[in-house]
Number of protein chains: 2
Amino acid sequence: MDGSEHTVQTRPLQAPVNDIRLTPTSYIVLGFLAAMDEATPYDLKQAVAQSVGNFWSVQHAQLYSEPERLARAGYLVEKREQTGRRRKRYTLTARGRGALRDWLGAPVHAVPELRDLGLLKLFFGADPTRLAAGQLEAHRAKLAEYEALAEQEMPAGMRRALDSGLGHEREFVRFWSRLAKRG
Amino acid sequence: MDGSEHTVQTRPLQAPVNDIRLTPTSYIVLGFLAAMDEATPYDLKQAVAQSVGNFWSVQHAQLYSEPERLARAGYLVEKREQTGRRRKRYTLTARGRGALRDWLGAPVHAVPELRDLGLLKLFFGADPTRLAAGQLEAHRAKLAEYEALAEQEMPAGMRRALDSGLGHEREFVRFWSRLAKRG
DNA sequence: CCTATCATGTAATCCGTTACATGATTAT
DNA sequence: ATAATCATGTAACGGATTACATGATAGG
């Protein structure tokens, strides 16, 4: 028995804006702002596209809405330019910096799902040889791109992520090569 | 050619329900229904969880809403049991079967994104050694799970997908092992 | 000049997740 | 019997994608 008859949680319709859920997208924004100190959504878009976007892309529209959301919740401050285009520029607050630090320090106990369309088709019985043709080409191209990227200098974290990407692309090439030959 | 000069597409607010976008989730439903002939959302949930869910999971709520959506659009027929629980049972229509066949036959030119939370943290400067500890454990467990699964018999498509999963988990273990030792 | 393309943003839609519920079964 | 778990579904919310727009800039 529950003394209170109201087991139903009646939350305020307008959840307090300072208590939002932080998603990977949130941390991508926080992470870049920590490195760039100040940025417009377009700056973020550029930064993401050239680096982390290789394994975790973000649509540009989200790089407009997400900073707004983070700013409303106190993780960023937004200042609007008064001249010309009146663009929005964002910077981290102490809260934002803290949230990023906490997240970076927390262990990850989950393993990611591959979510590979090619594998999904394989699973449902698609012809392996036919599939392998397209996939091999695509993965070889991606691998080449990574190998070129790897020539350049880059921050340690990005290098590590890139190394992992190289490993997985090589694995993909191995896998689809095998299928291409003997189904 | 369409004689209409109106380049501006004024679509009806209520998009025709027979013209929906098919997502990977849609094909997962179609794919299982092709194999199972007839199924309830719960059947689908079970089937997904034990197989494809290992690399492409689907929330159970979606296995209720997605078949409804597909049925409205003519890819499935829904019949409600008249007895007892009045569960909904779905079967493929010719349209559904055709859509699945087309999808399976179409090449995939995109490569998937890893979207690995561990990599994301690495990218943003998390401590590699600390991260590696948790990740190694998780990936070793997943690898063991796959190796056990691999002992069993299974359809050819699932076997191929599993092989790929094994390769990637081994790659993860290699990668994080290396980081665990010498950052 | 004209027109692509880049830059910058808003609005609408929708899929996917999370939360909420309740009816059957099984175990204790 | 009662609690726990499985089975079965609906509702609400929100993040992400897609579509829509317009202002600047550079190339021809």
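Since we're looking at a predicted model, the values are computed, not measured.

Novice: Looking at this structure, I do not really get the packing of helix 1 (residues 24-36) of chain B against helix 4 (residues 94-105) of chain B. What am I missing?
Specialist: The description of two helices packed together rests on the angle between their axes and the distance between the axes. Residue and element names in this part refer to chain B. Close contact between helix 1 and helix 4 brings their axes to 10 Å; oriented N to C, the two are set at 110°. As far as their axial angle goes, helix 4 and helix 1 are roughly perpendicular. The interaxial crossing formed by helix 1 with helix 4 has left-handed handedness. On helix 4, the residues that touch Tyr-27, Leu-30, Gly-31 and Ala-34 of helix 1 are Gly-96, Arg-97, Ala-99, Leu-100 and Trp-103. Here the residues of the contact of helix 1 with helix 4 sort into six nonpolar, two polar and one charged.

Novice: Mind showing me how you'd approach the interface of chain A and chain B here?
Specialist: You'll often see interface size given as the accessible area lost when the parts meet. Each partner contributes to the interface: chain A provides 57 residues, whereas chain B provides 57 residues. Summing both partners gives a buried area of about 5,600 Å² for chain A against chain B, and 69% of it is carried by carbon and sulfur. Counting every contact that joins chain A to chain B gives zero salt bridges. Taken together, the links from chain A to chain B amount to 13 residue pairs in polar contact (both at pLDDT 80 or more). Among the secondary structure elements, those contributing two or more residues to the side of chain A that touches chain B are helix 1 (24-36), helix 4 (94-105), helix 5 (117-123), helix 6 (128-151) and helix 7 (156-181) of chain A. Per element, the largest residue contribution to the side of chain A that touches chain B is 13 residues, and it comes from helix 7 of chain A. The residue makeup of the side of chain A that touches chain B, split by class, is 31 nonpolar, 16 polar and 10 charged.

Novice: Would you mind showing me how to read the relation of the copies chain A and chain B here?
Specialist: Superposition of the two copies of the chain requires a rotation about an axis together with a shift along that axis. Overlaying chain A on chain B yields an RMSD of 0.1 Å, the required transformation being a rotation through 180° with an accompanying axial translation of 0.0 Å. The transformation relating the two chain copies, once decomposed into turn and shift, fits a two-fold axis. Looking at the interface residues of chain A, 100% of them are also at the interface in chain B, so both copies use one shared face.

Novice: Even after reading the chapter, I still don't get the environment of Gln-62 of chain A, so can you show me in this structure?
Specialist: Residue and element names in this part refer to chain A. Within the secondary structure, Gln-62 sits in helix 3 (residues 62-72). In this structure Gln-62 comes out as partly exposed when scored by relative accessible area, which is 32%. Separated by 33 residues in the primary sequence, Gln-62 and Val-29 place their C-alpha atoms 9.9 Å from one another. Apart from the residues within four sequence positions on either side, Gln-62 is in contact with Thr-25 and Pro-67.

Novice: Hey, could you run me through the domain arrangement of chain A in this one?
Specialist: Residue and element names in this part refer to chain A. Domain assignment breaks chain A into domain 1 (24-105) and domain 2 (117-181). Between the C-alpha centres of domain 1 and domain 2 the distance comes to 29 Å. Of the residues lining the interface, four residues belong to domain 1; the matching set on domain 2 comes to six residues. A buried area of about 320 Å², summed over both sides, lies between domain 1 and domain 2, and 55% of it is on carbon and sulfur atoms. Considering only the surface of domain 1 that becomes buried against domain 2, Ser-51, Asn-54 and Phe-55 emerge as the three largest contributors, covering 90% of it.

Novice: Just to check I follow, could you spell out the environment of Phe-55 of chain B for this structure?
Specialist: With respect to the helices and strands, Phe-55 of chain B occurs in the loop between helix 2 (41-50) and helix 3 (62-72). For Phe-55 of chain B, a relative accessible area of 8% translates into the label buried. The spatial distance from the C-alpha of Phe-55 of chain B to the C-alpha of Glu-169 of chain B is 11 Å, given a sequence separation of 114 residues. Non-local contacts of Phe-55 of chain B, meaning those with residues more than four positions away in its chain, are made with Glu-113, Leu-114, Arg-115, Asp-116, Leu-119, Leu-120 and Phe-123 of chain A together with Ala-161 of chain B.

Definitions and limits used
- Residues numbered from 1 in each chain as written.
- Chains lettered and ligands numbered in written order.
- Predicted model: local features only at pLDDT ≥ 70, side-chain atom pairs only at ≥ 80, totals over all residues.
- Heavy atoms only, no water.
- Axes fitted to C-alpha atoms, helices over the stretch in contact; angles between N-to-C directions.
- Helix = DSSP H or I, 4+ residues; strand = E, 2+ residues; numbered from the N terminus.
- Parallel < 35°, antiparallel > 145°, perpendicular 65-115°, else oblique.
- Left-handed = near helix turned anticlockwise from the far one by under 90°.
- Contact = heavy atoms within 4.5 Å.
- Nonpolar A, V, L, I, M, F, W, Y, C, P; charged D, E, K, R; others polar.
- Buried area = accessible area lost by both parts, 1.4 Å probe.
- Salt bridge = Lys/Arg side-chain N within 4 Å of Asp/Glu carboxyl O.
- Polar contact = N/O pair within 3.5 Å; in protein donor to acceptor, adjacent residues only side chain to side chain.
- Least-squares fit on C-alpha atoms with pLDDT ≥ 70 in both.
- Buried < 20%, exposed > 50% of the residue type's maximum accessible area, 1.4 Å probe, protein only.
- Domains from an automatic or database assignment.

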